[in-house]
Amino acid sequence: MEKFFAFVLKEFRQISRDRRSVAILFILPVLLLLLFGFAITNEIRESKFAVLDCDKSALSSAIAARIDASEYFSLCKSVQTKAEMEELLARGTVKTVVVFEADFEKKAACGESPQINIVLDAVDPNEAKNIYNYASAIASAEFAERFGRSAPFHGIDIRANMLFNPQLKSAYDFVPGVMGLILFLICTLMTSVGIVREKEMGNMEILLVSPMRPVYIIIAKVIPYFALSVLIVSGCLIIATAVFGIAIRGSVALIFGLSMLYTLLALTIGITVSTFVNTQQTAMFIATSVFMLPTVLLSGMIFPIENMPRLLQYVSEIVPAKWYISALRAVMIKGCGIALVAKNIAVMSAMILFFALLSLAKFKTRLE
Amino acid sequence: MKSSAAKVCNLRKVYAGNGGGTAALDGVSFDAEEGEIFGLIGPDGAGKTTLMRIAATLILPDSGTAEICGFDAARDCRRIRQIIGYMPGKFSLYQDLTIEENIAFFAKVFGVRKEDGIEYIEEIYRRLEPFKKRLAGRLSGGMKQKLALCCALIHRPKLLVLDEPTTGVDPVSRQEFWDILQNMKKIGISVLVSTPYMDEAARCDRIAFISSGKILKTDSPQNIVAAFPKKIFRASGGKMFELLKALRGSGLAESAYSFGDSCHIVPKCGARIEDLKKCLQFSAGNFSVAEAPATLEDCFMELNSGERNRS
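Residues numbered from 1 in each chain as written. Chains lettered and ligands numbered in written order. Predicted model: local features only at pLDDT ≥ 70, side-chain atom pairs only at ≥ 80, totals over all residues. Heavy atoms only, no water.

(A) Region of the structure containing the domain arrangement of chain A. Each assigned domain of chain A is listed here: domain 1 (2-39 + 169-362) and domain 2 (47-147). Between domain 1 of chain A and domain 2 of chain A, the C-alpha centre-to-centre distance is 46 Å. (Domains from an automatic or database assignment.)

Printed below as a string of structure tokens:
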């Protein structure tokens with residue numbers, strides 16, 4: 001046991017001395033989270049809009065005021081004519097003009113469907129769609145408060161398909177994704193490279209000719225990364241709540257439990273990679289190309305799995321991150337309990353078992 | 001009769017490679033006795049490292065047996081790993097740990113208290129102590145090698161397996177290193193060491209010449225030199241290239257090898273030193289030629305060319 005701790009201590013020392021990996025371990029998660037949070041964002045914030053109010057009633061101005069009051073929009077100008085409106089859009093002064101028809105309040109009072117026309121600058125279609133969704137959600141909320149019913153606008157149904165994230169806050173989407181990516185990166189890449197480095201530097205040659213059992217060498221090797229993963233999960237959760245204002249709905253203990261399970265899976269994959277290759281370069285190549293790319297592309301982190309071709313959907317089933325990310329989303333954002341993620345837990349456990357057995361079968365107690 | 005520290009019998013090892021592979025070891029047998037320094041002498045690619053790794057239980061031979069301190073290297077590798085100290089040819093400690101940390105780590109791994117271990121390796125450790133906070137990767141070749149020896153010795157092994165321990169080490173450190181090995185022998189540690197240097201071979205108790213995976217001869221350095229069957233003439237002082245050219249033309253020499261600034265000549269049967277002097281004076285200028293005692297290198301060259309002619 002003492003031997004074991006000596007090894008773990010040595011491992012921590014080496015990691016702390018290797019500035020590059022420390023940088024990767026601590027800066028990368030923060031960087032990625034902030035990058036996704038602020039730079040690569042399609043969120044709407046203080047988007048400028050104009051109003052063309054042909055009704056000039058209490059109701060229309062109340063709705064306009066409410067849109068203006070939200071954090072997503074700010075009212076730039078009230079225009080009087082269509083020509084004025086078109087000029088503003090053409091210049092790009094505003095992205096949105098909200099148009100109320102002449103008999104807006106009257107129609108509403110009679111129970112007819114009044115019309116709001118949201119005219120959008122659709123150069124960026126995604127953004128335009130988002131703006132449309134936000135604005136109509138706010139308008140219909142105001143309308144519903146006054147008349148007790150949800151009204152259709154402009155013949156387009158406003159569906160409640162954004163149940164858990166009505167404002168399409170992207171943080172809800174990317175935080176579990178980034179965690180899935182980071183944990184996988186650190187555990188698979190760092191352990192496989194770390195173990196292979198011992199082979200490449202010849203350390204393994206001496207360690208094998210020692211009373212220490214090779215299995216302990218491997219376990220001791222991964223413990224520091226396991227510990228670091230706990231820190232990283234905590235860090236990500238803190239950033240998610242403090243910086244992005246995500247409310248964690250589910251149990252924090254379950255989130256940690258899932259993360260530990262996933263970390264373990266990534267570690268066993270890292271060990272498996274290390275038993276197959278002999279140079280750090282190959283290890284890095286395999287960890288990034290064979291395991292990282294599918295994690296980014298097929299886990300549902302960036303591209304929704306439902307939109308993929310059928311074949312890729314099947315492939316995504318064997319991407320470990322898919323199971324973690326979907327479980328984390330369910331627990332963190334929808335507040336699901338353990339029963340709803342039982343399948344994910346089972347799949348991840350099975351994967352751990354598979355890779356553990358595979359690496360045990362491949363592990364050598366000699367040099368070749 | 002003394003018992004064996006390392007006894008190998010008819011070892012064969014072929015590395016699979018392009019075109020069927022070549023035999024790294026081709027029926028190697030020797031018996032290194034307990035308490036002696038047994039040297040494995042041969043050029044690069046002779047199979048030394050393969051042999052050392054088999055002795056250290058790191059690889060398995062294709063056929064043949066290796067018995068280390070009475071244990072079978074294939075079956076009892078765990079027992080053997082507790083009683084041998086192994087130093088690979090390449091520096092294999094942690095370059096990003098300090099001297100002190102490396103020693104502490106290996107003491108723990110071998111289940112020894114660090115203090116006990118250091119007491120045991122005191123003589124070597126004393127020379128490293130002033131640098132104990134330095135990272136192993138920043139040490140000179142000689143210090144790296146001493147540190148590696150410290151770590152290999154820390155658990156008081158019965159047998160030290162050293163694979164080319166002095167390659168890339170300065171001459172002074174090499175001297176020191178062999179002094180240390182002599183002291184190890186005094187406290188009862190057997191040493192199995194490989195080296196390409198003939199001057200180091202002379203410091204072993206017994207040596208085995210190895211070339212192309214075959215043992216050419218096993219004996220004490222003194223006996224090997226004494227058994228050299230031919231005369232040796234040593235020529236020096238002049239241009240080596242012209243000397244060799246002249247010798248080749250003369251038909252007097254069976255073989256001629258340059259050793260630094262002189263040349264060792266094995267004369268053909270019946271050729272006298274006078275003939276040689278005359279010939280060289282004619283064609284190559286101012287050489288002094290004298291009869292010289294055979295060196296281990298002469299013996300190796302002779303045995304090696306004999307082996308090559310036979311095959």
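(B) Examining unusual backbone geometry more closely. Residues and elements named next belong to chain B. Phi angles above zero are rare outside glycine, and Asn10 is one such case at about 55°. Mapped onto the elements of the fold, Asn10 is located in strand E1 (residues 4-15). Positive phi, close to 65°, is recorded for Thr57, a residue that is not glycine. (Helix = DSSP H or I, 4+ residues; strand = E, 2+ residues; numbered from the N terminus.)

(C) Structural view of the confidence of the model for chain B. Residues and elements named next belong to chain B. Taken over all residues, the pLDDT of chain B has a mean of 87, while the share at 70 or more is 96%. Averaged pLDDT values for the elements of chain B fall to 75 in helix H11 (residues 273-284) and rise to 95 in strand E3 (residues 37-41). Interface confidence for the predicted complex, expressed as ipTM, amounts to 0.80; the pTM equals 0.74. (pLDDT = per-residue confidence, 0-100.)

(D) Layout of the interface of chain A and chain B. Facing the 27 residues of chain A at the interface are 34 residues of chain B. Across the chain A to chain B interface the summed buried area is about 2900 Å²; carbon plus sulfur atoms make up 58%. Along the contact surface separating chain A from chain B lie 3 salt bridges. Linking chain A with chain B are 14 residue pairs in polar contact (both at pLDDT 80 or more). (Contact = heavy atoms within 4.5 Å. Buried area = accessible area lost by both parts, 1.4 Å probe. Salt bridge = Lys/Arg side-chain N within 4 Å of Asp/Glu carboxyl O. Polar contact = N/O pair within 3.5 Å; in protein donor to acceptor, adjacent residues only side chain to side chain.)

(E) Local environment of a nonpolar patch on the surface. Residue and element names in this part refer to chain A. Residues Val215, Tyr216, Ile219, Ile223, Leu353, Leu357 and Leu360 make up a contiguous nonpolar surface patch of roughly 650 Å² in combined accessible area. Broken down by secondary-structure element, the contributors of at least two residues to the nonpolar patch are helix H9 (214-242) and helix H14 (342-362). For the nonpolar patch, the element with the highest residue contribution is H9, accounting for 4 residues. Along the chain, Leu360 falls in helix H14. (Patch = residues over 30% accessible without salt bridge, like charges linked within 9 Å, V, L, I, M, F, W, Y side chains within 5 Å. Areas by Shrake-Rupley, 256 points an atom, 1.4 Å probe, with all protein chains shown as cover.)

(F) Inspection of the packing of helix H3 (residues 99-109) of chain B against helix H6 (residues 141-153) of chain B at higher detail. Residues and elements named next belong to chain B. Contact geometry for H3 and H6: axes closest at 9 Å, N-to-C directions at 20°. With respect to H6, the element H3 is oriented roughly parallel. Between H3 and H6 lies a crossing of right-handed hand. Listed contacts from H6 to Ile99, Asn102, Ile103 and Phe106 of H3 are Leu147, Cys150 and Cys151. (Axes fitted to C-alpha atoms, helices over the stretch in contact; angles between N-to-C directions. Parallel < 35°, antiparallel > 145°, perpendicular 65-115°, else oblique. Left-handed = near helix turned anticlockwise from the far one by under 90°.)

(G) Representation of the nonpolar core. Ranked by internal contacts, the top residues of the largest apolar core, which has 171 residues, are Phe30, Leu147 and Phe209 of chain B. Ranked by the residues each element gives to this core, the list is headed by helix H7 (residues 170-200) of chain A, at 16 residues. Within the second largest apolar cluster, 22 residues are counted, among which are Val51, Phe104, Ala139 and Phe143 of chain A. (Core = buried A, V, L, I, M, F, W, Y, C linked by side-chain atoms within 4.5 Å. Buried < 20%, exposed > 50% of the residue type's maximum accessible area, 1.4 Å probe, protein only.)

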